[in-house]
Amino acid sequence: MGVGAQCPGQPTSAPAGALAPAASLGVPAMRLSGRVALVTGAQQGIGRAIAIALGRDGANVCVNFLDDRGAAERVAAEIRTHGGKATIVAGDVARSQDVAAIMAAAAELGTPDILVNNAGVFPRAPFLELAESEWDHVLGVNLKGGFLCAQAAARAMVAAGKPGAIINISSSAIRGDARGVHYSASKAGVLGMTRAMALALAPHRIRVNAIAPGLTDTQQPRYGNTEEQIAARAQEIPLGRMARPEEIARVAVFLASDDAVFITGELIHANGGAYLA
């Protein structure tokens, strides 16, 4: 039977935009079964969606949060409804002592197989008014925090003699943002860090990749923008809307899984074609 040939009794087509069942694509329904994942900044937004998606695909997840324990508990509870284990841990990824505590909490589930460096901040500020303290804060969380967590997770993976996947969340702002020079610099740094770490960790079978989300329907773009401004920006995207957090999460699950076993050092843009406009 040739490529694309119709099997007898097979439905002629799926509804427009529907995802084919995993089994029909030859993909196991639980690609991450038994693996341990740590997601930083997972109390809300993209981090929340990634933590839940990893859990839905079989991973046991450590949910890191900064200041909203209730939100983190709700994320963990949802993960448990899918049959996985989940724990939560407070911590500022820019502080090495906090990162040590975060890793200890994750270790209660086992040696991490997956790290998602999602924690990030973006306080808008005009360049001519940007304070040194704001620069240090943003670079500390977005770049230094990713380094500290990745180094700690990679050390644990290497000590256990197991392969792993590190996923860093960059941003479409690597192209520049007039009110986010500090943010753009940090997220461009994440890309460089991703590529260098991929080379450094490849001998240990640890893959390192990055995702650059475009405008996404979370609280983050609403800091410093009106709903009208956000809607206008969304209309400029070729696909005509903002991304949903769950759509970014699917990319993370793919990169964490064995479906991406030969992919490392890459940046995946998930921005609805915004770079084409």
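Residues numbered from 1 in each chain as written. Predicted model: local features only at pLDDT ≥ 70, side-chain atom pairs only at ≥ 80, totals over all residues. Heavy atoms only, no water.

S.K.: Hey, could you run me through the overall build of the chain in this one?
M.R.: Scanning the chain from N- to C-terminus turns up 7 helices and 7 strands. Taken from the N to the C terminus, the helices and strands of the chain come in the order β-α-β-α-β-α-β-α-β-α-β-α-α-β. In the chain, buried positions account for 45% of the 277 residues. Sequence-distant contacts in the chain: of pairs separated by 6 or more residues, those separated by 24 or more amount to 74%. Here the chain displays about 13,600 Å² of accessible surface, and carbon together with sulfur accounts for 56% of that area. (Helix = DSSP H or I, 4+ residues; strand = E, 2+ residues; numbered from the N terminus. Buried < 20%, exposed > 50% of the residue type's maximum accessible area, 1.4 Å probe, protein only. Contact = heavy atoms within 4.5 Å. Areas by Shrake-Rupley, 256 points an atom, 1.4 Å probe, with all protein chains shown as cover.)

S.K.: Looking at this structure, how should I read empty space enclosed by the protein?
M.R.: A probe matching the size of a water molecule, rolled over the atoms, marks out where space remains unfilled. Following the criterion strictly, the structure yields 1 cavity of 30 Å³ or more and no others. A volume near 80 Å³ is recorded for the largest cavity. Around the largest cavity, the lining is made up of 14 residues, and of these Asn117, Asn118, Ala119, Asn142 and Gly146 lie nearest the centre. Every element with two or more residues in the lining of the largest cavity is listed here: α4 (132–160), β5 (164–169) and α5 (181–201). At 4 residues, the largest contribution of residues to the lining of the largest cavity is made by α4. Residue composition of the lining of the largest cavity, by class: 6 nonpolar, 7 polar and 1 charged. (1 Å grid on protein atoms, 1.4 Å probe; cavity = no way out; pocket = protein on both sides within 12 Å on 5 of 7 lines; lining within 4 Å. Points joined across faces, edges and corners; volume = space filled by probe spheres on them. Nonpolar A, V, L, I, M, F, W, Y, C, P; charged D, E, K, R; others polar.)

S.K.: Explain the packing of helix α3 (residues 96–107) against α4 to me, please; I cannot follow it from the model alone.
M.R.: If you want to describe how two helices pack, look at the angle between their axes and the distance between the axes. The N-to-C vectors of α3 and α4 enclose an angle of 40°; their axes lie 10 Å apart at closest approach. As far as their axial angle goes, α4 and α3 are oblique. For the crossing formed where α3 meets α4, the hand is right-handed. The segment α3 lies against α4, with Ser96, Val99 and Met103 engaging Leu148, Cys149, Ala152 and Ala153. (Axes fitted to C-alpha atoms, helices over the stretch in contact; angles between N-to-C directions. Parallel < 35°, antiparallel > 145°, perpendicular 65-115°, else oblique. Left-handed = near helix turned anticlockwise from the far one by under 90°.)

S.K.: Explanation requested: the nonpolar core in the structure shown.
M.R.: Inside soluble globular proteins, nonpolar side chains tend to come together where they are buried. One finds Ile50, Leu54, Val61 and Val63 to be the most contacted residues of the largest nonpolar core, which totals 36 residues. Put simply, the parts of the chain that give this core at least two residues each are β1 (36–39), α1 (45–56), β2 (60–65), α2 (69–81), β3 (86–90), β4 (114–117), β5 and α7 (245–256). Excluding its chain neighbours within four sequence positions, the residues that come into contact with Ile50 are Val39, Val116, Ile169, Ala249 and Ala252. The next biggest cluster of nonpolar side chains, apart from the first, holds 26 residues, and it includes Leu38, Ile102, Leu115 and Ile166. (Core = buried A, V, L, I, M, F, W, Y, C linked by side-chain atoms within 4.5 Å.)

S.K.: It is not clear to me how the sheet that holds β3 should be interpreted in this structure. Could you clarify?
M.R.: The strands that make up a sheet are held in pairs by hydrogen bonds between backbone atoms, and each pair lies either parallel or antiparallel. The strand order across the open sheet built from 7 strands is β3-β2-β1-β4-β5-β6-β7, with neighbouring strands paired in parallel fashion. The strands lining the two open edges of the sheet, one partner per strand, are β3 and β7 (267–270). Here the average twist between neighbouring strands, direction ignored, is 15°. In terms of strand pairing, β4 meets β5 through 4 bridges, oriented parallel. (Pairing = 2+ DSSP bridges.)

S.K.: Help me understand the packing of aromatic side chains, please; the structure alone is not making it clear to me.
M.R.: A ring pair, where both rings are aromatic, is described by two values, the distance of the centres and the angle of the planes. On inspection of all chains with the given rule, the structure shows 1 aromatic pair. When the centroid spacing of 3.9 Å and the interplanar angle of 0° are considered together, the rings of Phe122 and Tyr183 count as stacked. With a gap of 61 residues between them, Phe122 in the loop between β4 and α4 and Tyr183 in helix α5 connect regions that are remote in the sequence. Stacked on the ring of Phe122, the Lys or Arg Arg124 has its end atom at 3.8 Å from the ring centre. For the cation-ring pair, Arg175 lies above Tyr275, with the distance from its terminal atom to the ring centre recorded as 4.4 Å. (Phe/Tyr/Trp six-rings, centres within 6.5 Å; stacked < 30°, edge-to-face > 60°. Lys NZ or Arg CZ within 6 Å of the ring centre and 35° of its normal.)

S.K.: Teacher, can you tell me more about α2 here?
M.R.: Because each turn of an α-helix spans 3.6 residues, side chains separated by three or four positions end up pointing in the same direction. Across its 13 residues, α2 extends 19 Å between first and last C-alpha, which sits within 8% of the 18 Å expected from 1.5 Å per residue. Every buried residue belonging to α2 is among Ala71, Ala72, Val75, Ala76 and Ile79, and all of these are buried. Seen from one end, α2 has its buried residues packed into an arc of 140°, which puts them on one side. Seen from the buried face of α2, the exposed residues on the opposite side, beyond 90 degrees, are Arg74 and Thr81. (Expected span 1.5 Å × (residues − 1). Arc of directions from axis to C-beta.)

S.K.: Even after reading the chapter, I still don't get the confidence of the model for the chain, so can you show me in this structure?
M.R.: Close reading of the predicted structure is inappropriate where its pLDDT is low. With 89% of its residues at a pLDDT of 70 or more, the chain shows a mean pLDDT of 90. In the predicted structure, residues 1–25 sits below a pLDDT of 50 and forms 9 contacts with residues beyond four places in sequence or in another chain. (pLDDT = per-residue confidence, 0-100.)

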